[in-house]
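Structural description and commentary
Listed below, chain by chain, are the residues.
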Amino acid sequence: MRAAAVVAATSALLPSLAAPARADLKLCNRMSYVVEAAIGIDDNATTATRGWFRIDPAQCRVVVQGTLSADRLLLHARSLGVYGASPVPQNGTDRLCIAPGNFVIAAARQCRGGQTLAPFTEIRPTQSEDGNLAAYLAEAGEYDDEQAKLAAIQRLLVIAGYDAAPIDGVDGPKTQAALAAFLKGHGLGTEIVQAPNFFELMIDAVQSPSPTGLTWCNDTPHKIMAAVATDDGKAVVSRGWYRIDPGKCLHPDVTGQPKQVFSFAEAVDANAQAIKVRDKPLNWGGATMLCTRESKFEINEQGDCGTRGLNPTGFTPVDLSSGGKTLRFAMP
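Let me sum up the structure you'll find in this document. Each chain has its residues counted from 1, following the order in which its sequence is written. In keeping with the model being predicted, local features are shown solely for residues with a pLDDT of at least 70 and side-chain atom pairs are shown and tallied solely at 80 or more, while totals for entire chains, interfaces and linings include all residues. For the side-chain quantities, the full set of heavy atoms in the structure was used; hydrogens and water were omitted.

Let us now look at the packing of helix H1 (residues 145-159) against helix H2 (residues 173-185). Fitting a line to C-alpha atoms yields each axis, with helices limited to the stretch in contact; the angle taken between N-to-C directions then spans 0 to 180 degrees. Secondary structure follows DSSP: runs of H or I at least 4 residues long count as helices, runs of E at least 2 residues long count as strands, and numbering of each begins at the N terminus. The contact between H1 and H2 brings their axes to 10 Å, and the two run at 60 degrees. Classed by the angle they form, the pair H1 and H2 counts as oblique. For the pair H1 and H2, the sense of crossing is left-handed. Across the interface between the two elements, Leu150, Ile153, Gln154 and Leu157 of H1 pack against Thr175, Ala178, Leu179 and Phe182 of H2. Looking at side-chain class alone, the contact of H1 with H2 contains 6 nonpolar, 2 polar and no charged residues. Our angle categories are set so that under 35 degrees counts as roughly parallel, over 145 as roughly antiparallel, 65 to 115 as roughly perpendicular, and the remainder as oblique. What makes a crossing left-handed is the near helix being turned counterclockwise from the far one by less than a right angle; a clockwise turn instead makes it right-handed. Here a residue-residue contact requires only that any non-hydrogen atoms of the pair lie within 4.5 Å. Think of it as three bins: nonpolar holds Ala, Val, Leu, Ile, Met, Phe, Trp, Tyr, Cys and Pro, charged holds Asp, Glu, Lys and Arg, and polar takes everything else, Gly as well.

Within the secondary structure, isoleucine 153 sits in helix H1. Through-space distance from the C-alpha of isoleucine 153 to that of tyrosine 33 is 9.0 Å; in sequence the pair is 120 residues apart.

Before going further, it helps to spend a moment on the packing of aromatic side chains. Classification of ring pairs rests on two measures: the distance between centres of Phe, Tyr or Trp rings, Trp counted by its six-membered ring, which must be within 6.5 Å, and the angle between planes, read as stacked under 30 degrees, edge-to-face over 60 and tilted in between. Taken as a whole and judged by the stated rule, the model has 9 aromatic pairs. Aromatic pair tryptophan 241 and phenylalanine 264: ring centres 6.2 Å apart, planes at 65 degrees, arrangement edge-to-face. Taken together, the residues span a long stretch of sequence, with tryptophan 241 in strand S15 (residues 236-244) and phenylalanine 264 in strand S17 (residues 260-268) at a distance of 23 residues. Both residues of the pair, tryptophan 241 and phenylalanine 264, belong to the buried class. Ring plane angle 35 degrees and centroid distance 5.0 Å describe the contact between tryptophan 284 and phenylalanine 329, whose orientation is recorded as tilted. Taken together, the residues tryptophan 284 in strand S20 (residues 283-284) and phenylalanine 329 in strand S24 (residues 324-329) connect sequence positions 45 residues apart. Between buried and exposed lies partly exposed: a residue is buried under 20% and exposed over 50% of the maximum accessible area for its type, with that area taken using a 1.4 Å probe on protein chains only. By relative accessible area, which is 18% here, tryptophan 284 ends up buried. Take phenylalanine 329: its relative accessible area is 3%, and that puts it in the buried class. The structure contains a cluster of three or more aromatic residues connected by ring pairs, namely Trp241, Phe264, Phe297 and Phe315. In this structure, arginine 78 is placed above the aromatic ring of tryptophan 52, and the distance from its NZ or CZ to the ring centre is 3.7 Å. Here, over-ring charges are defined by two tests on the NZ atom of lysine or the CZ atom of arginine: distance to the ring centre within 6 Å, and angle to the ring normal within 35 degrees.

If you trace the backbone, aspartate 56 turns up in the loop between strand S4 (46-55) and strand S5 (60-64). For aspartate 56, a relative accessible area of 7% gives the class buried. Pairs of N or O atoms are called polar contacts if they sit within 3.5 Å, as long as, within protein, a hydrogen donor faces a hydrogen acceptor (for residues adjacent in sequence, only side-chain-to-side-chain pairs). Here the side chain of aspartate 56 touches arginine 54 through a polar contact of 3.4 Å, side chain to side chain. Leave out the neighbours within four places in its chain, and aspartate 56 touches Asn29, Val34, Pro196 and Phe199.

Turning our eyes to something else, we now look at the sheet that holds strand S2 (residues 25-30). The pairing criterion is simple: DSSP has to find at least two bridges between the two strands. Pairing within the open sheet is mixed, and its 4 strands lie in the order S5-S2-S12-S11. A strand with exactly one partner marks an edge of an open sheet, and here the two such strands are S5 and strand S11 (126-127). Bridge count for S11 against strand S12 (residues 133-138) is 2 bridges, and the pairing is antiparallel. What sits directly across from glutamine 127, in S12, is leucine 133.

On to the pairing of strand S3 (residues 35-43), then. In the case of a regular strand, side chains alternate between the two sheet surfaces. By the criterion of burial, S3 is predominantly enclosed, with 8 of the 9 residues buried. Connecting S3 to the next strand, S4, in antiparallel fashion are 2 residues, including asparagine 44 with a positive phi near 55 degrees. In terms of strand pairing, S3 meets strand S7 (residues 72-79) through 8 bridges, oriented antiparallel. When the sheet's bridge partners are listed, glycine 40 is paired in S7 with leucine 74.

An α-helix turns once every 3.6 residues. As a result, residues three or four positions apart point the same way. End to end, H2 covers 18 Å across 13 residues, agreeing with the expected 18 Å (1.5 Å per residue, within 8%). Considered for burial, the residues of H2 that qualify are Thr175, Ala178, Leu179, Phe182 and Leu183. Viewed end-on, H2 has its buried residues packed into an arc of 130 degrees, placing them on one side of the element. Facing away from the buried side of H2, by more than 90 degrees, are the exposed residues Pro173, Lys184 and Gly185. Where the residues of H2 are buried, they touch H1 and helix H3 (198-206). In the stretch just after H2, glycine 187 is the one whose phi turns positive, near 65 degrees. Multiplying 1.5 Å by the residue count of a helix minus one yields the expected span of that helix. Starting at the helix axis, one direction is taken to each C-beta atom, and the arc is that of these directions.

Take the nonpolar core next. Nonpolar side chains in soluble globular proteins generally cluster together in the buried interior. Core analysis: the largest hydrophobic core is formed by 61 residues, its most contacted members being Leu27, Leu156 and Trp216. If one sorts the elements of this core by residue count, H3 sits on top with 6 residues. Once you skip the residues sitting within four places of it in the chain, tryptophan 216 turns out to touch Ala226, Ala227, Val228, Tyr242, Ile244, Lys248, Cys249, Leu250, Pro252, Ser263, Leu327 and Phe329. If you look at the next biggest cluster of nonpolar residues, it comprises 15 residues, including Phe264, Ile299, Leu310 and Phe315. The definition of a nonpolar core used throughout is a set of buried Ala, Val, Leu, Ile, Met, Phe, Trp, Tyr and Cys residues joined through side-chain atoms within 4.5 Å.

Printed below as a string of structure tokens:
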């Protein structure tokens, strides 16, 4: 079983929604990640959920239109698969039902087929300048809109293999040089940075197979969770889990010049359970035994995995001598 990636969401805490609010409700993203959000509406002892609402950094999206009557509002947010392992676990205490695709669930405390429980956090939106209610998704860095957009660009540049670190939302020659090289390398003009669909175009470019580094591509109908390990000649570091959605590609964030790179991947179902084909787990690995764990991990010591409460997992070496390697995961 591999843990799914989610991202923590926070909001300003102000008025209760026990009385109807005659305004739209919008979610605003001040994180360095493109997120997908689901909301829960708790009213008169009935809880309904709906999702998914994709929200780019520095953007807001209306999730409820018109008069809203609710005892409580709840929020669950997750990062896109391109970001790999989730940066921060969701901290909500309400567990409500969600579904893989777009959904509306009227009774969300009793899951049915294809639905799974996920943690939701209570939010209390504030009234924004336009008269609507707004809740903000934020990180510890407390970015404003401009900083969140720049930090999100830096993060995707690093994932794509360009040196835009640190991811801090601060502009400078290093970030601008990395962005210019990325745009040129993918045949994109500088004007797209201001386009409404900029992050969609950038993510599509990041998820295409790359001539440099390691690329994973998921050619199965299942979600795949993957791990990477690097050997710099002094230590072997394993890291995961990265979520690769069906039909998508992903570049794990391998930095520096490692002497050797290793890969492991496994197909999982909606409950994060390993999928089996002919009674065997559907995975792609090898004979090099390295340590992993069920949840997000970065492990620097690779000996005695089992006695340390870790899982010994068979990785396969990846030949990057030609500069790049794309591993395509397909059904047997």
